[in-house]
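# Descriptive analysis of the structure
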Amino acid sequence: MRGQRRPVPLCPLSVDQTSTEPVPSPKEQEWAGPEALCPGWLEDEAPDGEVPEDSGDPECATHAYELLQSALRQEGLPHTSDRSAEPRTGFGPLDMTVCILGSPTAFLPVLLEGGTRCPGAMVLCLSPTWASRVPSETSPGAWSLLLSRGVSFEAGGHSTLETFAPPRRANYVTGTFVMGGPEGGWVGELARDLDCHGGSVPLARRLEDPLVTRWVLAARAGLPVPPTLAFVLGPGGDLPTDPVAPGVRLVRLEDPQGQESLVQEEVGAFLGGTAMEPYSQVVVRPAGWRWRGTGARSTHGKEEGAAVAQAVGARLRGLREEDSVLLEALVPTARLPAPPPRSPAPRLPVALRICTLVCRSWDRPQLCQVACGVGRAEAPVRHGAALPQGLDSSLQQWGVVAPGQWQALATRLRGAAEAAMAALLAAEAELSPQQRGGARACTDLLGVDFLLACVDDTLELVALSTNSQRCLETCLLAEAMGRAVGEPPGDLPRLLAEAMLHRAQCHLVEGKEILLIGAGGVSKSFVWEAARDYGLRIHLVESDPEHFAAGLVQTFLPYDSREHRRDEEHAERVVELVHARGLRPHACLSYWDDCVVLAALVCQRLGLRGSPPAAVRVAKQKSRTHQHLQRCRRGRPPPAAFAVPCRRLQSHGDVERAAGAVPFPAVAKLEFGAGGVGVRLVESAGQCHAHAARLWRDLRDDADHPGIGLGWGNAMLLMEYVPGTEHDVDLVVFEGRLLGAWVSDNGPTRLPAFLETAACLPSCLPADRQAQLVRAALQCCLACGLRDGVFNVELKLGPGGPRLLEINPRMGGFYLRDWIREVYGPDLLLAAVLVALGLPPVLPARPVPRAHLAGVMCLGSEHGPALGGGGGLAALRALQSRGLVRLNRLFEETAGAGEYEEPCLSVACDGATRAEACLRLLGLCQALGIDSPRYPVEHFLSHFK
C-alpha cells in the first residue's frame with residue numbers, strides 16, 4: 001500500500017516565518033487538496049463504485065474518479081452511478097450547466113449543494129477528453145465549452161456519470177487552476193476565451209503574484225501591507241507604468257546585470273526608511289505565481305545592509321520578466337496580554353494567520369468564511385499543514401476576551417476582506433481580454449490572508465497575500481471539522497453554489513427575445529439599462545409612439561392599448577404585430593400595472609409561460625380579489641381569513657348600499673387604481689358620497705391621469721378600514737412554490753389620504769411576524785391562481801395578524817426593485833424574466849441584509865421649491881454620485897395635482913443599523929428643507945423601531 005501523499009506546501013503562516021523546505025516535485029503536488037478535505041484519505045483505497053473506463057485518458061480520468069468515490073464515501077454518500085452507456089438527451093438552450101474542471105474534491109461540497117438547489121445543473125469534468133471547444137455562435141472570437149461526458153449531481157448527494165448527446169453547453173466554468181498540478185494544463189486550456197463567465201489561469205496566476213496583489217490591496221483597497229521593496233525587469237507585467245502604493249516601492253531594471261550600486265542604494269534607503277522603523281528583520285525572496293509555496297527565501301536582520309543587498313543581487317541574477325524580487329519587512333503577530341497560564345511551564349511564541357474567503361455574491365463581494373491558522377513563530381505553518389480554528393477562539397488565545405472587541409475586529413475583518421475583493425475586481429476590469437484569459441473571464445472566488453499586528457499599541461489587520469484556492473481548501477476543512485463535532489452546517493457551500501448558479505443563469509438569459517408589454521414612465525427607466533446589462537433583446541409594445549424607450553430596445557411596436565376594457569381585442573392585434581414582424585419571443589411579461597392583463601392574454605395566445613388571464617384579472621380588480629378570497633375557505637387558516645369586506649361603487653346608489661355592509665370608518669379608492677391616488681379615509685356615507693363625486697368628476701379616463709388604471713374605468717370600492725402597520729411583501733413564485741420573499745415597512749400616511757410617506761428595508765418586525773405576512777401574501781396569490789411570477793402584495797398587520805389590502809400581479813414598483821437589490825442582492829427584474837422563461841430563479845436560501853435603508857417620498861407641491869430653486873436636487877445628485885444617498889426618480893415633473901398628486905422622488909439613506917439610516921435621512925431632510933411642519937419626516941420615520 002502506498003503512503004498518503006503530502007499536501008502541497010503552501011503559503012507560510014505569517015511573513016516572518018521562513019522555510020528552507022525544497023520545492024515539492026510534481027508528483028508531490030498531484031491532487032493537493034483531497035487530503036485536507038478528507039483527513040485520513042489513502043489514495044489506493046478501493047472505490048465503492050465501478051471505475052469507468054476511459055481509454056482516451058485513463059491516467060487522468062480513472063484516478064480522478066477513484067478520488068471522487070473516496071471523497072463521497074468519507075461524506076457518507078452513495079457512490080456514483082454509471083449511466084454513461086445510455087446517452088442522456090434533450091438538453092436545450094434553457095438548460096443550465098455549471099461546469100467544474102479538474103480536481104473532484106476541491107469543489108465537492110459546492111457540487112453537492114448545487115445539486116440540491118438545482119438538480120443536474122452541476123457537472124464535474126474529470127478529463128480533457130470529456131469536453132470540447134467550438135467557436136461561439138453568440139460571441140465572435142470566443143469559444144463555447146461543450147460537455148460530452150460528466151458527473152452530474154442531484155439532491156441527496158446522488159451523483160451520476162453520464163454521456164450527453166448532443167453535448168451540453170456550459171453556462172459557467174471554473175476549476176482547479178493550480179500551477180504545477182497534473183490537471184492545471186488541460187483545465188486552463190479548456191477554460192480559455194470562453195463565451196461564458198468563469199475563472200482562468202491568467203487570473204489565478206495574477207492572484208498568486210504577491211507584488212501585483214499587494215500593490216492593488218495597498219493602492220486600491222487602502223489596506224495596510226508589509227513594507228515592501230520590489231525589483232522587476234522591464235514593464236513588470238500587469239503593473240501600471242508608475243505604480244504608487246503606500247508601503248510598496250517598485251524599482252524597474254532594464255538588465256539585472258551591473259546594478260550593484262543601484263541595488264545597494266535602494267536597499268539602504270528602504271532599510272533606513274521610516275516605514276521600517278517598527279521592524280527588526282527583513283526577508284528576501286523571489287515572487288511571482290511560479291514561486292508560490294516554494295519557501296525560497298532568506299531572513300536577515302535590518303542592520304545587515306550588505307548581506308541584504310547581496311541576497312537581492314543573487315536573486316536578481318536568475319530573474320525572469322514575469323517574476324520579481326521582494327525585500328519586505330517581517331511583520332510579527334501582535335502579542336497581547338493573555339490570561340494567566342494554567343501551568344507554570346513557559347509559553348512558546350506563536351503566530352496567527354487569518355484566512356478569509358470572499359465570493360462575488362450577486363455581483364458584490366461577500367465574506368463567506370474565516371478560518372485561522374496558529375503555530376509556533378519559528379516554524380513554517382502553511383495552509384493545509386495546520387488544522388484551522390475559529391476567529392473567536394483564536395482571539396481568546398491572544399487575550400482579546402471581551403465580546404465587543406471580537407465583534408469590532410470581526411466587522412473590520414469583513415470590511416477589509418470585501419474591500420480587497422472589490423479592489424481586485426476593479427483592477428481586473430481594466431485588463432485586456434488577453435490578460436484576463438478571455439473577455440468573460442472573472443474572479444468570483446478569492447482568498448485573502450491577514451496578519452493581526454500591533455501598530456502604535458492598536459490592533460491592525462495587515463493584508464499579506466491573496467490566493468485562488470488555498471483559502472477555499474482551508475475553510476472547507478474547517479467546515480467539515482465543525483460538522484464532525486455537531487456544529488450546524490455553515491453557509492460556505494451554499495454561498496458559493498448560489499454565486500455560480502446565479503452567474504450561470506445570467507449567461508442563460510443572454511440573447512433571449514423578450515416581448516415587453518407597456519414601457520411605463522421614468523420610474524421604469526432601469527428596465528432598459530438592466531436589459532442591456534443582461535443581454536436581453538427587448539421587443540416593446542407601447543401606446544405612446546414617441547416614448548423615450550423606442551430607441552433603447554431591439555424592436556419598437558407602437559400600439560394604443562390604453563382602453564384596457566378591450567384587452568381581448570388588443571391581445572389579438574399585438575399577436576398579429578408580433579407575427580408580422582417575424583418575432584419569436586421566448587417570454588412575454590409586463591412590469592407596468594396597467595398592462596398586466598394584456599400581457600397575460602398575449603402569453604396565452606403565443607403559448608408562453610405566464611399566469612392565467614383569469615387569475616390576473618381577479619388580482620387586478622380589487623373588489624374581485626377580496627370577494628374571491630372570501631369564498632376560499634380551505635386551509636388553516638384559509639385565504640378568506642385575510643380578506644377584507646368591501647363593495648364595488650359605480651354610482652351613488654352603490655354608495656348607499658355599501659354603507660349598509662361596510663362599517664365606518666372605511667377606505668374609498670379606485671377599483672383599478674395604483675400609486676395611492678384617490679385613496680381616502682371616509683368617516684361616513686356623506687363623506688363617501690362627496691369623495692366619489694369629486695373623483696368621478698376629475699378622473700374619468702387615462703388622459704386625466706395616466707398610469708393609475710383609468711383605462712379600466714373609474715369605478716371605486718368601499719373597503720373596511722384595517723388598523724395596524726402597512727407592509728409590502730415582494731414574492732417570487734415558481735410553479736406554486738415560494739422561492740423568495742422580502743418584507744418592507746411603510747411609515748404612517750397623512751390621513752385622510754394614504755399616499756406613501758416613508759419606508760424601510762429590512763422590516764422592523766420580528767421574524768415570526770414577517771413570516772405571517774409572507775405566508776398570508778403567498779396564500780392569497782395562490783388562491784387567486786397566481787402560481788408563476790414576481791408579485792407585490794400590500795398588507796396591514798394588526799394584533800390579530802395580516803389582512804390583505806391588494807395584490808399587484810407584477811414586480812413591486814417605486815423603489816422596491818432597487819432597494820431589494822441593494823440590501824439583499826437579487827434582482828426582481830431578472831427573476832421575473834427567468835420565471836417567464838420557465839426557469840426557477842436561484843435566490844438566497846437564507847437572505848441576510850447587507851445594510852439598512854430608510855427612505856422618504858418627496859412631493860412636488862411640498863418640496864418643489866427646496867428641490868428645484870433651492871438647489872436641493874442638485875445636491876442630492878452630487879451625494880448620490882458619492883454613494884451617500886439613493887435616489888429613485890418616479891416622475892419627470894409633478895404628477896397629478898391636489899389630492900391626486902403622486903410622489904415625484906424617493907430619497908433614501910443607508911446605515912449599518914436601522915437607527916443609523918433613519919438618523920442620516922432625517923439630518924439630510926432637515927438640511928435640504930424636505931422636513932417641515934407640514935411634512936414631518938421625523939414622525940414618518942418614528943414607526944421604524
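One structure accompanies this document, and this report is about it.

Thresholds applied
- Residues numbered from 1 in each chain as written.
- Predicted model: local features only at pLDDT ≥ 70, side-chain atom pairs only at ≥ 80, totals over all residues.
- Heavy atoms only, no water.
- Helix = DSSP H or I, 4+ residues; strand = E, 2+ residues; numbered from the N terminus.
- Salt bridge = Lys/Arg side-chain N within 4 Å of Asp/Glu carboxyl O.
- Buried < 20%, exposed > 50% of the residue type's maximum accessible area, 1.4 Å probe, protein only.
- Pairing = 2+ DSSP bridges.
- Axes fitted to C-alpha atoms, helices over the stretch in contact; angles between N-to-C directions.
- Contact = heavy atoms within 4.5 Å.
- Parallel < 35°, antiparallel > 145°, perpendicular 65-115°, else oblique.
- Left-handed = near helix turned anticlockwise from the far one by under 90°.
- Polar contact = N/O pair within 3.5 Å; in protein donor to acceptor, adjacent residues only side chain to side chain.
- Expected span 1.5 Å × (residues − 1).
- Phe/Tyr/Trp six-rings, centres within 6.5 Å; stacked < 30°, edge-to-face > 60°.
- Right-handed = clockwise from strand over helix to strand, strands pointing away.

### A short note on the environment of Q69
- By secondary structure assignment, the location of Q69 is in helix 3 (residues 58-74).
- Remark: the alpha-carbon pair of Q69 and P104, spanning 35 residues in sequence, is separated by 9.2 Å.

### With respect to the pattern of salt bridges
- Applying the stated criterion to the full structure yields 47 salt bridges.
- Across the salt bridge formed by R566 and E569, the nearest N and O atoms sit 2.7 Å from each other.
- Since its relative accessible area comes to 35%, E569 is described here as partly exposed.
- Within this structure, R117, D491, R494, E498 and R846 form a network of salt bridges that share partners.

### What to know about the sheet that holds strand 25 (residues 716-720)
- Read across the open sheet, the 4 strands follow the order 22-25-23-24; overall the sheet is antiparallel. One side of each edge strand has no neighbouring strand; the edge strands of this open sheet are strand 22 (646-649) and strand 24 (680-682). For this sheet the average axis-to-axis angle between neighbouring strands, irrespective of direction, equals 30°.
- Here strand 22 runs beside strand 25; their pairing, made up of 4 bridges, is antiparallel. Paired with R648 across the bridge in strand 25 is L717.
- The strands touched by helix 19 (residues 622-630) are strand 22, strand 23 (666-670) and strand 25; relative to strand 22, the strand with the most contacts, the crossing angle is about 145°.
- Across the face of the sheet, helix 20 (residues 652-659) comes into contact with strand 22 and strand 25 while running at roughly 170° to strand 22.

### What about the packing of helix 4 (residues 108-117) against helix 14 (residues 492-509)?
- Closest axis-to-axis distance for the helix 4/helix 14 pair is 8 Å, and the angle between their directions is 65°. Taken together, the axes of helix 4 and helix 14 lie roughly perpendicular to each other. Like other packed secondary-structure pairs, helix 4 and helix 14 cross with a definite hand, here right-handed. Every residue of helix 14 that contacts helix 4 at P109, V110, E113, G114 and R117 is listed here: P493, R494, L496, A497, E498, M500 and L501.

### A look at the side chain of S361
- By the element assignment, S361 lies in strand 14 (residues 350-361).
- Side chain to side chain, S361 and Q366 meet in a polar contact 3.0 Å long.
- Apart from residues no more than four positions distant in its own chain, S361 is found in contact with Q366 and R850.

### Describing helix 9 (residues 305-316)
- Across its 12 residues, helix 9 extends 17 Å between first and last C-alpha, which sits within 8% of the 16 Å expected from 1.5 Å per residue.
- Turning to helix 9, its buried residues number three or more, namely V308, A309, A311, V312, G313 and L316.
- Along its buried surface, helix 9 packs onto strand 9 (228-233), strand 10 (248-253), helix 8 (260-271), strand 11 (281-287), strand 12 (298-301) and strand 13 (324-329).

### Notes on the packing of aromatic side chains
- Under the defined criterion, the tally for this structure stands at 5 aromatic pairs.
- Aromatic pair Y721 and F754: ring centres 6.4 Å apart, planes at 45°, arrangement tilted. Of the two residues, Y721 is situated in the loop between strand 25 and strand 26 (725-734) and F754 in the loop between strand 27 (737-746) and strand 28 (758-761); the sequence distance between them amounts to 33 residues.
- For Y721, a relative accessible area of 27% translates into the label partly exposed.
- Looking at F754, the relative accessible area reads 17%, which means it is buried.

### Considerations on the environment of V553
- By secondary structure assignment, the location of V553 is in the loop between strand 19 (537-542) and strand 20 (555-558).
- Distance from V553 to L540, taken between C-alpha atoms, is 6.8 Å for residues 13 residues apart in sequence.
- Residues in contact with V553, not counting those within four places in the same chain, are W528, I538 and L540.

### Remarks on the pairing of strand 19
- The buried count for strand 19 comes to 5 of 6 residues, which makes it a mostly enclosed element.
- Pairing of strand 18 (residues 513-517) with strand 19, which is carried by 5 bridges, proceeds in the parallel orientation. From the neighbouring strand, L515 faces strand 19, where its bridge partner is H539.
- Since strand 18 and strand 19 lie parallel, the crossover through helix 15 (residues 526-534) that links them has a hand, and here it is right-handed.
- Pairing of strand 19 with strand 20, which is carried by 4 bridges, proceeds in the parallel orientation. Residue pairing in the sheet places H539 in a bridge with T555 of strand 20.

### A look at unusual backbone geometry
- Of the consecutive residues R636 and P637, the connecting peptide bond is found in the cis state with omega at -10°.
- With omega at 0°, the peptide bond leading from L761 into P762 counts as cis.
- Mapping P762 onto the fold places it in the loop between strand 28 and helix 22 (767-784).
- A positive phi is found at E735, a non-glycine position, where the angle reads about 50°.
- Residue position: E735 is located in the loop between strand 26 and strand 27.

### Quick word on the sheet that holds strand 17 (residues 458-467)
- Pairing within the open sheet is antiparallel, and its 4 strands lie in the order 15-14-16-17. Every other strand in the sheet has two partners, leaving strand 15 (364-376) and strand 17 as the edge strands with one partner each. Neighbouring strand axes in the sheet, compared pairwise and without regard to direction, differ in orientation by 30° on average.
- As defined by bridge partners, strand 14 adjoins strand 16 (residues 445-455) across 7 bridges and the pair is classed as antiparallel. Within strand 16, the residue paired with C355 across the bridge is D449.
- Packed on one face of the sheet, helix 11 (residues 403-429) meets strand 14, strand 15, strand 16 and strand 17 and runs near 55° to strand 14.
- Most of the contacts of helix 13 (residues 470-484) go to strand 14, to which it runs at about 100°, and overall it touches strand 14, strand 15, strand 16 and strand 17.

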